[in-house]
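# An overview of the molecular structure
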Amino acid sequence: MVKRYKSPVQDINEDDLEVGKPKQAAAGVKGVTVAFQRGLEQGGLARTARSMLRINQRGGFDCPGCAWPEPNGRRKTAEFCENGAKAFAEENTKRRADRAFWAEYSIADLADRTEYWLGQQGRITEPMIIRPGETHYSPIPWQEAFELIGERIRATTPDRCVFYTSGRTANETAFMYQLFARSVGTNNLPDCSNMCHESSGSALNPTIGVGKGTVDLEDIHRAKLVLVVGQNPGTNHPRMLSALAECRENGGRVVSVNPLPETGLMNFKDPQTPRGVVGKGVRISDEFLQVRVGGDLALFQAFGHLLLSFEEAAPGTIVDREFVETRTEHFEAYREARRTIDWDETERATGLGRDEIAKVARMLADSDATIICWALGVTQQPHSVDTLREFVNILLLQGNFGKPGAGACPVRGHSNVQGDRTMGIWEKPAPWLLDAIDEEFGIASPREHGYDSTDSIAAFENDEVDVFVSMGGNFASANAETERLEAGMQRAGLTVHISTKPNRSHVVHGRTSIILPTLGRTDIDDKHPGGAQFLSVEDSMSMVHSTQGRLKPVSPHLLAEPVIVARMAEATFGPDHVIDWRAMADDYDVIRDRISRTLPGFEDFNRRVRQRNGFQLPSPPRDTRTFATPTKRAQFTVSPLEYLEAPEGYLILQTMRSHDQYNTTFYGLDDRYRGIKNGRRVILVHPDDLAALGFEDRELVDVVSVFRGEERRADAFRLVSYPTARGCAAAYFPEANALVHRDLKARESNTPGFKAITVRFERVHAPQMS
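A short tour of the structure in this document, coming up. Within any chain, residue numbers begin from 1 and follow the written order of that chain's sequence. Per-residue local features of the predicted model are confined to residues with pLDDT of at least 70, and side-chain atom pairs are confined, for both listing and counting, to 80 or more; whole-chain, interface and lining totals are unaffected and use all residues. Computation of side-chain values: all heavy atoms of the structure, hydrogens and water removed.

A few words now on the overall build of the protein chain. A count of helical and extended segments in the protein chain gives 31 helices and 32 strands. The C-alpha radius of gyration computed for the protein chain amounts to 25 Å, which stays within 12% of the reference 27 Å derived for 770 residues, consistent with globular compactness. Principal-axis analysis of the C-alpha atoms gives the protein chain an extent of 75 × 65 × 55 Å. Evaluated residue by residue, the protein chain yields a buried proportion of 64% over its 770 residues. For the protein chain, long-range pairs separated by at least 24 residues make up 79% of all intrachain contacts whose partners lie at least 6 apart in sequence. Accessible surface computed for the protein chain: about 27,000 Å², of which carbon and sulfur atoms make up 49%. Counting 93 positive and 105 negative side-chain charges, the protein chain places the centres of these two groups 5 Å from one another. For helices the rule is a DSSP run of H or I covering at least 4 residues; for strands it is a run of E covering at least 2, with both sets numbered from the N terminus onward. Throughout, radius of gyration means the C-alpha value; the globule benchmark is 2.2 Å times the number of residues raised to the power 0.38. Here's how the labels work: a residue is buried when its accessible area is under 20% of the maximum for its type, exposed when over 50%, partly exposed in between, all with a 1.4 Å probe on protein chains only. Only heavy atoms matter for contacts: two residues are in contact if any of them lie within 4.5 Å across the pair. The Shrake-Rupley method, run with a 1.4 Å probe, gives the accessible areas here. Residue values count only the displayed protein chains as cover. When charges are counted, Lys and Arg contribute as positive and Asp and Glu as negative, whereas His and the chain ends are disregarded. Every charge is mapped onto a representative atom, which is NZ of Lys, CZ of Arg, CG of Asp or CD of Glu.

Next comes the structure, spelled out in structure tokens:
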């Protein structure tokens, strides 16, 4: 048995909260120091040093963090960021959640532990199970676990099985996993994209014919203007700052649009340049529009009005008439809708002055190559899809598709969340995809749409789930309606978690629960007849490339994810199934060959993925200025003005990550750029709003959200005076997820409204902090 390595004993003590001034620059030497410190704490010197220089390198492994692309040309020696190094350290850890850990801690013991403490216990070393009436997880042999899973799936109906996918799942695994679910007979394939960028696809597919971005990394460098909207790249996609810095060095300009002034968008110290080490760094944003939460739709409608006004004053100077007339539809309806504007309401909706908006509109007018980037700050509101359609309108107006330095850029979060969707992880699959799968594999895929992540909450609550399988991720902590979701998960017959480390979903388990420990992306995957295998991923800009771990696995009892899927399938369907699952698990080239015959753009997959930089998937708007809509033209759209406005005594709350966090994984307790340390239950509120509501800085409060007359509560948060937009507040997720009613969601995309929570504070009578 391996001894656990320096796992923390103490959990978060919110009384240790420290609040200082926000930092003035991102990254720099401090970022390098923190990155290596975390690596040493988790994996030691030798293991850390052996692997750091393989992250995001050709022949190495893809960073298990974000999906920002790597350059096709010369790569830096350290082609990773601080948070990428932290993600690697978490997977590279010597800490072990072995059988001794599970024997020591009962479910009752673990129930009150935070996500931070659970994750810091280390890698799971062997399959574990807990059965009805038991208090502890205990070991189970692999084959027995698979047989139990297969038995439970066969004993129920396909519609009562749910297969969840995390964005860290590689392409080959995702393809096998969706094939397994459809062979079972269900499209219940919720995934983390449902909770983040589903709104992006819902807006882009009908308007430009593709649900992905239309730019590559070189376009960012060559853009004349980049708008970064609802995004905090300094924490969530730090390598993006280098690309924005290069854009500005090339003469481009950057505008950030966000309710919070984020350090990374103000000043960046690249630790791989002399200026980043000894200088003051480089400015990133030329302008900062501190928009209110939910005010982006009003802002971009104002941009449209102003651009059309400029065109009317000087015809032919703003609108790309040839592009609009030959490649788009419904421009006249859009122009008519934007002919007038109510500036008083626009200023109320955005929190911005008319002059501020007009200044950036003039920057748009002066640019002939504009990119609009966005992330979850835009996608998680009731009117998110309409907002993103308005982004598309602005890009179409000036012909900003299919030319250098221009286009739409939804910046995806988790490393392969975009690839998983490409591979068929979707509860609403296109008929052509199912037809292709059926032809290749000889099965009859179900045509009825399945549950997405939000639908799954209701399914759990209504006792409509017998088997829940989670390919990575932490479904209980990632979704809305925390208490109701957890209660529903505990009523499920069987929950199966394919995981690397303990998390909250293992604690709020079904009546029977199995944890299957898997290899991480940094681990050698060599238990195959033909030797070591590699996988592939797709980044935010549709580049597909290989990833291959190089570290000895932490336990001999781990299995690779494709092998786990294959053995679940064999246990479910028996050895005579029409699909040869074992062949795919033995040799991943077999999976890729079958993908190449099923998915457009993956022809000759095995050869192309072995090219120096992999390959880029086709994008008609980017490649040929064509649009795969029903009419073969891009669509201007008209949406009514909509924004979020809190009643008297309330604020609009958005959830966010800390700097020491990636999704539901906590690397530490330091939100360095915002000046928050050693605590997570905080609410950032403008000092004037605190005064108007009758509260003081550091006061302890309970938070109450209201949606359609129903209330949700999250207790014991500290108010922190912070320069966020007036009328708005911000809190970390998943701590604030309990405040999100499951019906508070984006129309069309069904994405939870994590950036649209109406809240009030109730005073807790406790001593004030010093």
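Further remarks concern the layout of surface pockets. Approximately 1,000 Å³ is the volume found for the largest pocket. Forming the walls of the largest pocket are 35 residues, and the residues nearest its centre are Asn 205, Gly 211, Lys 212, Arg 421 and Trp 432. Of all the secondary structure elements, the ones that give two or more residues to the lining of the largest pocket are α8 (198–208), α20 (417–422) and α21 (431–441). Here the element with the most residues in the lining of the largest pocket is α8; it accounts for five residues. Here the term charged refers only to Asp, Glu, Lys and Arg, the term nonpolar to Ala, Val, Leu, Ile, Met, Phe, Trp, Tyr, Cys and Pro, and the term polar to all other amino acids, Gly among them. Split into classes, the residues belonging to the lining of the largest pocket amount to 14 nonpolar, 15 polar and six charged. In this analysis, the protein atoms alone were mapped onto a 1 Å grid. Cavities are point sets where a 1.4 Å probe fits without being able to get out; pockets are open sets with protein on both sides within 12 Å along at least five of seven lines; lining residues have an atom within 4 Å of a point. Grid points are joined across faces, edges and corners, and a volume is the space filled by probe spheres set on the points.

By the definition in use, this model includes five cavities of 30 Å³ or more. Of the voids in this model, the second largest cavity is the one considered here, and its volume is about 240 Å³. Lining the second largest cavity are 18 residues, with Leu 519, Gly 520, Arg 521, Leu 535 and Glu 561 positioned closest to its centre. Partitioned by chemical class, the residues of the lining of the second largest cavity number seven nonpolar, five polar and six charged.

Right, let's talk about the sheet that holds strand β32 (residues 757–763) for a bit. Each strand in a sheet pairs with its neighbour through backbone hydrogen bonds, running either in the same direction (parallel) or in the opposite one (antiparallel). We call two strands paired when DSSP finds no fewer than two bridges between them. Pairing is mixed in the closed barrel, where six strands are placed in the order β23-β31-β28-β30-β29-β32. Averaged over all pairs of adjacent strands, the angle between strand axes in this sheet comes to 45°, irrespective of strand direction. Bridging between strand β23 (residues 651–656) and strand β31 (residues 728–732) involves five bridges; their strand directions are parallel. From the neighbouring strand, Ile 652 faces β31, where its bridge partner is Cys 728. To define axes, lines are fitted to C-alpha atoms, for helices over the stretch in contact only, and angles between the resulting N-to-C directions are given on a 0 to 180 degree scale.

Right, let's get into the pattern of salt bridges. Oppositely charged side chains may form a pair once their charged atoms are brought near each other. For this document, the term salt bridge refers to a Lys or Arg side-chain nitrogen within 4 Å of an Asp or Glu carboxyl oxygen. Counted by the stated rule, this structure contains 53 salt bridges. Across the pair Arg 131 and Glu 144 runs a salt bridge whose closest N-O atoms are separated by 3.2 Å. Of this pair, Arg 131 sits in the loop between β5 (128–130) and β6 (138–139) while Glu 144 sits in helix α6 (residues 142–155), placing them 13 residues apart in sequence. We classify Arg 131 as partly exposed; its relative accessible area is 31%. Residue Glu 144 is classed as partly exposed on the basis of its relative accessible area of 37%.

The end-to-end C-alpha distance of helix α17 (residues 354–366), which contains 13 residues, comes to 18 Å, matching closely the 18 Å that a straight helix rising 1.5 Å per residue would cover. Every buried residue of α17 is listed here: Ile 357, Val 360, Ala 361, Met 363, Leu 364 and Ala 365. A helix is expected to span 1.5 Å for every residue after the first.

Of note, the amide linkage connecting Phe 733 to Pro 734 takes the cis form, showing an omega dihedral of 10°. Relative to the elements of secondary structure, Pro 734 occurs in the loop between β31 and β32. Of note in the backbone geometry, Lys 632 takes a positive phi value of approximately 65° without being a glycine. Of note, Lys 632 is situated in the loop between α30 (620–623) and β22 (634–635). One non-glycine residue, Ala 716, lies in positive phi territory at about 60°. Tracing the sequence through the fold places Ala 716 in strand β30 (residues 710–721).

A separate point is the environment of Cys 373. Structurally, Cys 373 is set in strand β14 (residues 370–374). Taking the relative accessible area as the measure of exposure, Cys 373 reaches 0% and is therefore buried. Through-space distance from the C-alpha of Cys 373 to that of Gln 120 is 33 Å; in sequence the pair is 253 residues apart. Among residues more than four places away in sequence, those in contact with Cys 373 are Ile 220, Val 226, Leu 227, Val 228, Val 229, Gln 231, Met 240, Cys 409 and Val 411.

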